[in-house]
Amino acid sequence: MDHFQHIDGALHAEGVPLADIADTVGTPAYVYSTATLTRHYRVLAEALDAQAPLAGRALIAFAVKANSNLSVLATLGRLGAGADTVSEGEIRRALAAGIPADRIIFSGVGKTDAELTFALQTGVRQINVESGPELDRLERVAEATGIRPDIAIRVNPGVGAGGHAKITTGGGGDKFGVPVEEALDLYARAARAGHVRPVGLACHIGSQILDLGPLRDAFAVLADMTRRLRADGHTVRVLDLGGGLGVPYEPGLTPPDPATYAAMVGEAMAGLDVDTLFEPGRLLVANAGVLLARVIHVNVRPDGRRFLVLDAAMNDLMRPALYDAFHPLVPVRDAAGVKGPYDVVGPVCETGDTFARARTLPELLAGDLVVFKGAGAYGASMASEYNSRPLVPEVLVSGDRFAVVRPRPDYDTLLGRESRAPWLAD
Ligand SMILES: *Cc1c(COP(=O)(O)O)cnc(C)c1O
């Protein structure tokens, strides 16, 4: 359920016609809906709270990498969300958006000493340790700063899942997390040395997960490890269950709804008496954002193939090029009838700059506006300036208001970040 609807034949974001945003901000541009963000957060929070083992002790830490815009973070933060971060930059973003340090989790497979030091000095809630060498370094940094952080060991439960091989993270061959037996050893080692305080276990097995089975299996592994660690006298009071729940990008995809997911989690956590952490990214923001673009022209080849050339490109929305991802393409002006199929492409000089092949669409002409739906997650946050295309702007809508929350840089700004080396200056 989202708040992008046609009203009187014109696509709106909540109460704002997308054509008005295009007139003001230009295209391409990301447009986010506050009402959709709010709804997605609340539905999940309420579903978790309805489960007795989770009620009042679940923190939803939004995975900042899915959408790191400060206004998106602030919107979620005000609803009570924390932040799951994977770099110093993301910690700084979460703080700048008003999310308190005690709701920030620091994850990631390659945290540098400088980043760990920053996280300790900031007082983040928890650091998820992803390997033995990382634990060694964190212990050294903790000793040097005299700050003893709460940590969780990120377990690789040997269960992979997700919509694409490039977004599976819990399989035995993936680079994420520590295998079960080694994780138990690390936990004991960390407790013994005393520089850090092991408080729990974490896992995150993949992204765009459409089937609860692998998640259930992974949570059973964590529950079993919790019992084993406690039997050895260790404290385990937090289980971080990661993110990964899929969203319905295309008709026919039926990811589990939050209530079904929460019921499964409730069952998996029953009797464990733990605080739970959740790290959803996509689930909260994917359908809360669209990429608004304009048709540059339609190129009809002699063989009849029709290329719809947009002013948005792979540098603005990388998912189709990177993961063969599907995004619905919707005309802003409600158009009747079917023309097509179209190959939908951007202007970047790569064959990979193809959003869709043979997509059936209404007739579209140069100058028409379209949106890619489901673009709120891993859209703007992955965008680049490849081909020296200025970074795509971001707009947040709330009711009948909108605000540019990241402007499109002008060309002076784009070029001004660089300089010629002294020996190349004339
Ligand atoms: C990417 C990531 C998430 C969020 O994944 P989604 O599929 O967007 O929910 C959560 N936790 C960790 C550790 C991640 O790397």
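Thresholds applied
Residues numbered from 1 in each chain as written. Predicted model: local features only at pLDDT ≥ 70, side-chain atom pairs only at ≥ 80, totals over all residues. Heavy atoms only, no water. Axes fitted to C-alpha atoms, helices over the stretch in contact; angles between N-to-C directions. Helix = DSSP H or I, 4+ residues; strand = E, 2+ residues; numbered from the N terminus. Parallel < 35°, antiparallel > 145°, perpendicular 65-115°, else oblique. Left-handed = near helix turned anticlockwise from the far one by under 90°. Contact = heavy atoms within 4.5 Å. Nonpolar A, V, L, I, M, F, W, Y, C, P; charged D, E, K, R; others polar. Buried < 20%, exposed > 50% of the residue type's maximum accessible area, 1.4 Å probe, protein only. Pairing = 2+ DSSP bridges. Domains from an automatic or database assignment. Buried area = accessible area lost by both parts, 1.4 Å probe. Salt bridge = Lys/Arg side-chain N within 4 Å of Asp/Glu carboxyl O. Polar contact = N/O pair within 3.5 Å; in protein donor to acceptor, adjacent residues only side chain to side chain. Expected span 1.5 Å × (residues − 1). Core = buried A, V, L, I, M, F, W, Y, C linked by side-chain atoms within 4.5 Å.

**Some points on the packing of helix H8 (residues 212–231) against helix H9 (residues 258–269)**
- Running from amino to carboxyl end, H8 crosses H9 at an angle of 25°, the nearest separation of the two axes being 9 Å. Accordingly, the angle class assigned to the pair H8 and H9 is roughly parallel. The interaxial crossing formed by H8 with H9 has right-handed handedness. Along its contact with H8, which presents Leu212, Leu215, Arg216, Phe219 and Ala223, the element H9 presents Thr260, Tyr261, Met264, Val265, Ala268 and Met269.
- Residues of the contact of H8 with H9, tallied by class, amount to nine nonpolar, one polar and one charged.

**A word on the pairing of strand S19 (residues 369–372)**
- In S19, alternate side chains face the same way, and those of Leu369 and Val371 on one face and Val370 and Phe372 on the other are all buried.
- Sheet topology places strand S14 (residues 289–300) next to S19; four bridges connect them, and they run antiparallel. Paired with Leu291 across the two strands is Phe372, which belongs to S19.
- Looking at chain direction, strand S16 (residues 329–331) and S19 are connected through three bridges and run antiparallel. Within S19, the position partnered with Pro331 by the bridge is Val370.

**Details of the domain arrangement of the protein chain**
- The domain architecture assigned to the protein chain consists of domain 1 (4–31 + 286–416) and domain 2 (34–282).
- Here the C-alpha centre of domain 2 lies 32 Å away from the C-alpha centre of domain 1.
- Together, the buried faces of domain 1 and domain 2 total about 2,000 Å²; carbon and sulfur atoms form 53% of this surface.
- Of all residues in domain 1, the largest losses of buried area upon contact with domain 2 belong to Tyr323, Phe326 and Tyr378, amounting jointly to 29% of the total for that side.
- Where domain 1 meets domain 2, there are zero salt bridges.
- Our count for the domain 1 to domain 2 interface comes out at nine residue pairs in polar contact (both at pLDDT 80 or more).
- Those elements that place two or more of their residues in the side of domain 1 that touches domain 2 are helix H11 (319–323), strand S20 (394–398) and strand S21 (401–406).
- When residues in the side of domain 1 that touches domain 2 are grouped by element, the largest group, four residues, is from S20.
- The class makeup of the residues in the side of domain 1 that touches domain 2 is eleven nonpolar, seven polar and five charged.

**Concerning helix H2 (residues 34–49)**
- Here H2 spans 22 Å end to end across 16 residues, near enough to the 22 Å set by a 1.5 Å rise per residue.
- Listed as buried for H2 are Thr34, Thr36, Leu37, Thr38, His40, Tyr41, Leu44, Ala47 and Leu48.

**Side note on the nonpolar core**
- Counting 102 residues, the largest nonpolar core has Phe219, Tyr261, Met269 and Val344 as its most contacted members.
- Looking at which domains feed residues into this core, each of domain 1 (4–31 + 286–416) and domain 2 (34–282) gives three or more.
- Ignoring sequence-local partners within four residues, the contact set of Met269 consists of Pro53, Leu54, Phe219, Leu239, Leu241, Val274 and Thr276.
- Of all hydrophobic cores here, the second largest spans 18 residues; its members include Val16, Ala22, Val330 and Val332.

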